[in-house]
Amino acid sequence: FTTWDRSSPCFVYERVLRIPCAFVTHLGACIDDKTPLLRSNDALNREGLRLLKNIGVATDARAIHSFLGWEQEFFIVPADLYKKRPDLVNCGRTLIGKLPRRHQQGELNY
């Protein structure tokens, strides 16, 4: 499954809307590099707040934020640019880039 990563902002670059996302199986196993980072960030926030409370420092803190990580995006491409990409036109997805980890193909979920 593909889910929007709401912890990263959407942005427009070169007239294309880019939406950060994460990929997981229907059982919740991660099949990308970003999902483990998001889960680690949640654990860091939870345990960091617990640590601050236990040592009596910044006990009123509500969150711990990290600002480093992988990015993956959905791409909404204008029709004229789409038509210039044979891989998108013929396959409905990009063929340029890195193979999925362990050769997991997204179409297996559909």
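For the structure itself, consult the block above.
Residues numbered from 1 in each chain as written. Predicted model: local features only at pLDDT ≥ 70, side-chain atom pairs only at ≥ 80, totals over all residues. Heavy atoms only, no water.

Digging into the overall build of the protein
Here comes step 1: If you tally the helices and strands in the protein, you get three helices and four strands.
Here comes step 2: Relative to its full complement of 110 residues, the protein shows a buried share of 15%.
Here comes step 3: Across the protein, the fraction of contacts at a sequence separation of at least 24, relative to all contacts at a separation of at least 6, is 44%.
Here comes step 4: Total accessible area computed for the protein in this model is approximately 8900 Å², and 60% of it derives from carbon and sulfur atoms. (Helix = DSSP H or I, 4+ residues; strand = E, 2+ residues; numbered from the N terminus. Buried < 20%, exposed > 50% of the residue type's maximum accessible area, 1.4 Å probe, protein only. Contact = heavy atoms within 4.5 Å. Areas by Shrake-Rupley, 256 points an atom, 1.4 Å probe, with all protein chains shown as cover.)

Observations regarding the environment of R46
Here comes step 1: Turning to its location among the elements, R46 is positioned in helix α1 (residues 34–55).
Here comes step 2: C-alpha separation for the pair R46 and R62, spaced 16 residues apart in sequence, amounts to 9.7 Å.
Here comes step 3: A distance of 3.3 Å separates the side chain of R46 from the side chain of E47, its partner in a polar contact. (Polar contact = N/O pair within 3.5 Å; in protein donor to acceptor, adjacent residues only side chain to side chain.)

Focus on the side chain of K34
Here comes step 1: Topologically, K34 is positioned in helix α1.
Here comes step 2: A relative accessible area of 2% places K34 in the buried class.
Here comes step 3: One polar contact links K34 to D5, side chain to side chain, over a distance of 2.4 Å.

Looking at α1
Here comes step 1: Helix length check: α1, at 22 residues, gives a terminal C-alpha distance of 31 Å against a target of 32 Å (1.5 Å per residue), a fit within 8%.
Here comes step 2: Those residues of α1 that fall on the buried side of the exposure criterion are K34, T35 and G48. An end-on view of α1 places all buried positions within 165° of arc, on one side of the element. Every exposed residue of α1 that faces more than 90 degrees away from the buried side is listed here: D42, R50 and N54.
Here comes step 3: Where α1 is buried, its residues touch β3 (16–23).
Here comes step 4: At the exit of α1 stands G56, carrying a positive phi of roughly 75°. (Expected span 1.5 Å × (residues − 1). Arc of directions from axis to C-beta.)

Observations concerning the pattern of salt bridges
Here comes step 1: Per the stated rule, a full pass over the model turns up three salt bridges.
Here comes step 2: Of the charged contacts in the structure, one is a salt bridge between D5 and K34, with a shortest N-O distance of 2.4 Å. Of this pair, D5 sits in the loop between β1 (2–4) and β2 (11–13) while K34 is found in helix α1, placing the two residues 29 residues apart along the sequence. Side by side, D5 and K34 carry an identical accessibility label, which is buried.
Here comes step 3: One salt bridge connects E47 with R46, and the closest N-O pair in it is separated by 3.3 Å.
Here comes step 4: For E47, a relative accessible area of 35% translates into the label partly exposed.
Here comes step 5: Residues joined by salt bridges that share partners form a network here, namely R46, E47 and R50. (Salt bridge = Lys/Arg side-chain N within 4 Å of Asp/Glu carboxyl O.)

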